[in-house]
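This is what each chain is made of:
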Amino acid sequence: MIHELLLALSGYPGTIFTWNKRNGLQVSQDLPFLHPSETSVLNRLCKMGTDYVRFTEFIEQHTGHVHQQEHYSSQPSQTGLHGIYLRAFCTGLHSMLQPYRQALLDLEQEFQLLFPSVMVVVETIKCQKIHGCQILETVYKHSCGGLPPVRMALEKILAVCHGVMYKQLAAWMLHGLLLDQSEEFFVRQGPSAGGATVAQDEEDEDLGIGGLSGKQLRELQDLRLIEEENMLAPSLQQFSLRVEMLPSYIPIRVAEKILFVGESVQMFENHNHSPSRAGSILKHQEDTFATELHRLKQQPLFSLVDFENVIDAIRSTVAEHLWTLMVEESDLLGQLKIIKDFYLLGRGELYQVFIDLAQHMLKTPPSAVTEHDVNVAFQQAAHKVLLDDDNLLPLLHLTIDYQGKDIKEASGSREGTTPPQDSSPRDAPSTGWAALGLTYKVQWPLHILFTPAVLEKYNVVFRYLLSVRRVQSELQHCWALQMQRKHLKSNKTDAVKWRLRNHMAFLVDNLQYYLQVDVLESQFSQLLQQINSTRDFESIRLAHDHFLSNLLAQSFILLKPVFHCLNEILDLCHNFCSLVSQNLGPLDERGAAQLDIMVKGFSRQSFLLFKILSSVRNHQINSDLAQLLLRLDYNKYYTQAGGTLGRYVL
């Protein structure tokens, strides 16, 4: 009887202790010599034997024979559960059962509480089909109970599972290898899954005609920023975090460091560069860091403090080496100067000449040859301002994103160039200026800082600054025409026309000064100061991201009401300059009617701009708009005019 019981509890039922799939082990009902109380006690022991048999079935189903793990198939089981973390769990479960096999006589004392608790974990994994690093989270949560035997047993299983995680960490952080065929790790290749897509902004309302709606007032009060994702081209990251796989006891900040290190190491491993130039990104400390990760693996309990200290040591080494490579060897400051000169119009004389040369070819809708023509004009402008850098100019290329342009250019662009903003069908640009863009071929390893998405954001700023500069140039040309005719007799319409030009030039000149001095120069000097004050690449990337975000925000590209209003003003100025250029003499009746429409439109838009800026200043929400208002209203003329410029009667 004793031997039959031990065999049954070991998973080998017989005639006394029988097995059926529904109830498991049970005492046979055909034994008259057993008292009902004895049958009850034995059936209670059989319940633990049933759990043990099901444990072993689970292990064998998902791993094959535990002692021959190297031979079992890696294919998913019939239940759909598979993966190396699941096998690690089964291995830990098998080792947890070893004391049971060694001490069956102590079953009631040692395992009566343990088995039901562990069975809950097993059933949770089976029913919820828990996968990969999510198994770590499940085991960890169940190990936080108050029963010492259960806690110790689950901690033992968790330690075995952590062994798999540390192997993946070592491969990723030390060699840039993502060993994750079953998608179980918390780092993945490709962009993050993200949440629901952001809803598209409602259609722009007419902000310039008679008063403000309640929604517009809320926008002016709250200064709601336009979501960058709705304006700028998305960037497909090579690697990202799979947050749903990250155990709760590993913070996101630590996972971000792990992601950064692996990406950096892989960049070095994949790039065919000269070892003497770059050296080892880990400064030949791979063995040291591997030893530290192995030490963590041997610890019976996971320690976040020790874990993060090791991760920080690896990250600091990588970040410092990247700083040296970026700043000292790849001349990051020089590259930023190039970005500033060409994307942010730092070489103003170059773009002034380019505007004059390209005006005739970009004022009409673009064609297939427009891109070639504007690049010829760009090269000519560079030569005229004595910019003959044979190493720099080939890296710069102006693009024209016209309707019908071959789609393959979007995907087959050169390395480091900027993809089009949007590959979906859209209206044809009305002029070549609206389709103009700039690409820059970024050299390795600066491409990790100047990503395609970053360059596209620079492109958005570039197009905006160029539009302001172009309108300013056109207004200056109108002034030259006015000076040529100042000796001629003028009429009332001429007076209105030239006073409107003066007010337009006043507003555009102050906007241009604000953008170039208060925003670009100020932010760029802060960026250089931050770069020179650190030896950490991540600090540089953070400072650069902050710099670019400030450019987009302080130039009002992300502030919908202001950006809309300024664009309306620039369009009015451009239309005015076209009217003046096409009518050198006195305006006829049709021209006077057009001028009257422009006067009223400029009056409305300048009034709206003043209201927006005043609202911000009064509520002290945004100092950037207050700074622009200070430029425009330094002598209170704008205020005394009721916030309106150009209100005249023909």
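Residues numbered from 1 in each chain as written. Predicted model: local features only at pLDDT ≥ 70, side-chain atom pairs only at ≥ 80, totals over all residues. Heavy atoms only, no water.

- The name an unreviewed UniProt entry assigns to the chain is Gamma-tubulin complex component, from the organism Electrophorus electricus.
- Regarding the chain, the UniProt comment filed under Function (unreviewed entry) reads as follows: "Component of the gamma-tubulin ring complex (gTuRC) which mediates microtubule nucleation. The gTuRC regulates the minus-end nucleation of alpha-beta tubulin heterodimers that grow into microtubule protafilaments, a critical step in centrosome duplication and spindle formation."
- Taken from UniProt, the Subcellular location (unreviewed entry) comment for the chain reads in full: "Cytoplasm, Cytoskeleton, Microtubule organizing center, Centrosome". (UniProt positions renumbered as here; feature names shortened; annotations may be inferred.)

**Concerning the overall build of the chain**
Alright, step 1. A count of helical and extended segments in the chain gives 24 helices and six strands.
Alright, step 2. Here the chain, with 650 residues, has 49% of them falling under the buried criterion.
Alright, step 3. Summed over its atoms, the accessible surface of the chain is roughly 32300 Å², and 52% of this surface lies on carbon and sulfur atoms. (Helix = DSSP H or I, 4+ residues; strand = E, 2+ residues; numbered from the N terminus. Buried < 20%, exposed > 50% of the residue type's maximum accessible area, 1.4 Å probe, protein only. Areas by Shrake-Rupley, 256 points an atom, 1.4 Å probe, with all protein chains shown as cover.)

**Some details on the nonpolar core**
Alright, step 1. Counting residues in hydrophobic clusters, the biggest one holds 190 residues, and the most contacted among them are F89, F186, F354, F450 and Y458.
Alright, step 2. If one sorts the elements of this core by residue count, helix 19 (residues 492-532) sits on top with 15 residues. (Core = buried A, V, L, I, M, F, W, Y, C linked by side-chain atoms within 4.5 Å.)

**Quick look at the packing of aromatic side chains**
Aromatic rings in a pair are described by how distant their centres are and how their planes are angled relative to each other.
Alright, step 1. If you walk through the whole model with that rule in mind, you get 18 aromatic pairs.
Alright, step 2. Taken together, a centroid distance of 6.1 Å and an interplanar angle of 15° make the contact between F260 and F537 stacked. Here F260 is found in helix 9 (residues 252-270), whereas its partner F537 is found in helix 20 (residues 537-554), with 277 residues between them in sequence. The exposure classification of F260 matches that of F537, with both residues buried. (Phe/Tyr/Trp six-rings, centres within 6.5 Å; stacked < 30°, edge-to-face > 60°.)

**Description of the environment of K340**
Alright, step 1. With respect to the secondary-structure elements, K340 resides in helix 13 (residues 332-342).
Alright, step 2. Note on K340: relative accessible area 11%, which makes it buried.
Alright, step 3. Taking the C-alpha atoms as reference, K340 lies 9.8 Å from F462; in sequence the two are 122 residues apart.
Alright, step 4. When residues no more than four places from it in sequence are discounted, the contact partners of K340 are L345, G346, E521 and F524. (Contact = heavy atoms within 4.5 Å.)

**Here we look at the side chain of Q523**
Alright, step 1. If you trace the backbone, Q523 turns up in helix 19.
Alright, step 2. Setting aside anything within four residues of it in sequence, one finds Q523 in contact with F547, N550, L551 and Q554.

**Observations concerning empty space enclosed by the protein**
Alright, step 1. As enumerated under the stated definition, the model contains four cavities of 30 Å³ or more in all.
Alright, step 2. Here the second largest cavity is characterised by a volume of approximately 40 Å³.
Alright, step 3. Residue lining of the second largest cavity: A159, H162, Y166, L296, K297, Q299, P300, L301 and F302, and that is the complete set.
Alright, step 4. Counting residues per element, the ones that place at least two in the lining of the second largest cavity are helix 7 (148-175) and helix 11 (286-298).
Alright, step 5. The leading source of residues in the lining of the second largest cavity is helix 7, at three residues. (1 Å grid on protein atoms, 1.4 Å probe; cavity = no way out; pocket = protein on both sides within 12 Å on 5 of 7 lines; lining within 4 Å. Points joined across faces, edges and corners; volume = space filled by probe spheres on them.)

**So, unusual backbone geometry**
Alright, step 1. With a phi angle near 50°, K129 is a residue other than glycine that sits in the positive phi range.
Alright, step 2. Locating K129 in the fold gives a position in the loop between helix 5 (114-128) and helix 6 (134-142).
Alright, step 3. In this model, F556 sits at a positive phi of 70°, which is unusual for a non-glycine residue.
Alright, step 4. As for its position among the elements, F556 is in the loop between helix 20 and helix 21 (560-582).
Alright, step 5. Given a relative accessible area of 1%, F556 falls into the buried group.

**A short note on the confidence of the model for the chain**
Alright, step 1. When the pLDDT values of the chain are averaged, the result is 76; 76% of them are 70 or greater.
Alright, step 2. When mean pLDDT is taken per element in the chain, helix 6 scores highest with 92 and helix 10 (residues 275-278) scores lowest with 42.
Alright, step 3. Residue range residues 617-621 is modelled with pLDDT below 50. Its contacts to residues more than four positions away, or to other chains, number seven contacts. (pLDDT = per-residue confidence, 0-100.)

**Details of helix 3 (residues 84-102)**
Alright, step 1. For helix 3, built from 19 residues, the straight-helix expectation of 27 Å at 1.5 Å per residue is met to within 8% by its first-to-last C-alpha distance of 27 Å.
Alright, step 2. Residues of helix 3 that are buried include every one of Y85, L86, R87, A88, F89, C90, G92, L93, H94, M96, L97 and Y100, and no others. (Expected span 1.5 Å × (residues − 1).)

**Here's the deal with helix 7**
Owing to its 3.6 residues per turn, the α-helix aligns residues three or four sequence positions apart on the same side.
Alright, step 1. Across its 28 residues, helix 7 extends 39 Å between first and last C-alpha, which sits within 8% of the 40 Å expected from 1.5 Å per residue.
Alright, step 2. Taken from the residues just after helix 7, G176 is the one with a positive phi, measuring 70°.

**Let's talk about the pattern of salt bridges**
Alright, step 1. With the rule as written, the count across this model stands at 15 salt bridges.
Alright, step 2. One salt bridge in this structure joins K47 and D51, with 3.2 Å as the shortest N-O distance. Within this pair, K47 and its partner D51 are both found in helix 2 (residues 36-63), separated by four residues, close to a single helical turn.
Alright, step 3. Residue K47 is classed as partly exposed on the basis of its relative accessible area, which comes to 46%.
Alright, step 4. Measuring nitrogen to oxygen at the nearest pair gives 4.0 Å for the salt bridge that ties R151 to E155. Placement of both R151 and E155 in helix 7 is noted, with a separation of four residues, approximately one turn of the helix.
Alright, step 5. Judged by its relative accessible area of 30%, R151 is partly exposed.
Alright, step 6. In this structure E155 comes out as partly exposed when scored by relative accessible area, which is 22%. (Salt bridge = Lys/Arg side-chain N within 4 Å of Asp/Glu carboxyl O.)

**Regarding the pairing of strand 1 (residues 17-20)**
Alright, step 1. Across four bridges, strand 1 lies against strand 2 (residues 24-27) in antiparallel orientation. Paired with W19 across the strands is L25, a residue of strand 2.
Alright, step 2. Turn length for the strand 1-strand 2 hairpin, with the two strands adjacent in sequence and antiparallel, is three residues. (Pairing = 2+ DSSP bridges.)

**Points about the packing of helix 5 against helix 6**
Packed helices, taken two at a time, are described by the angle their axes make and the gap between the axes.
Alright, step 1. One way to put it is that helix 5 packs onto helix 6 with a least axis distance of 10 Å and a crossing angle of 150°. With respect to helix 6, the axis of helix 5 lies roughly antiparallel. The two elements helix 5 and helix 6 cross, and the hand of that crossing is right-handed. Here V120, V121, T124 and I125 of helix 5 come into contact with helix 6, specifically with I135, T138, V139 and H142. (Axes fitted to C-alpha atoms, helices over the stretch in contact; angles between N-to-C directions. Parallel < 35°, antiparallel > 145°, perpendicular 65-115°, else oblique. Left-handed = near helix turned anticlockwise from the far one by under 90°.)

**With respect to the pairing of strand 5 (residues 396-400)**
Alright, step 1. Among the five residues that make up strand 5, four are buried, leaving the element largely enclosed by the rest of the structure.
Alright, step 2. Taken together, the five bridges between strand 5 and strand 6 (residues 436-440) define a ladder with antiparallel strand orientation. Bridge pairing in strand 6 links T399 to G437.

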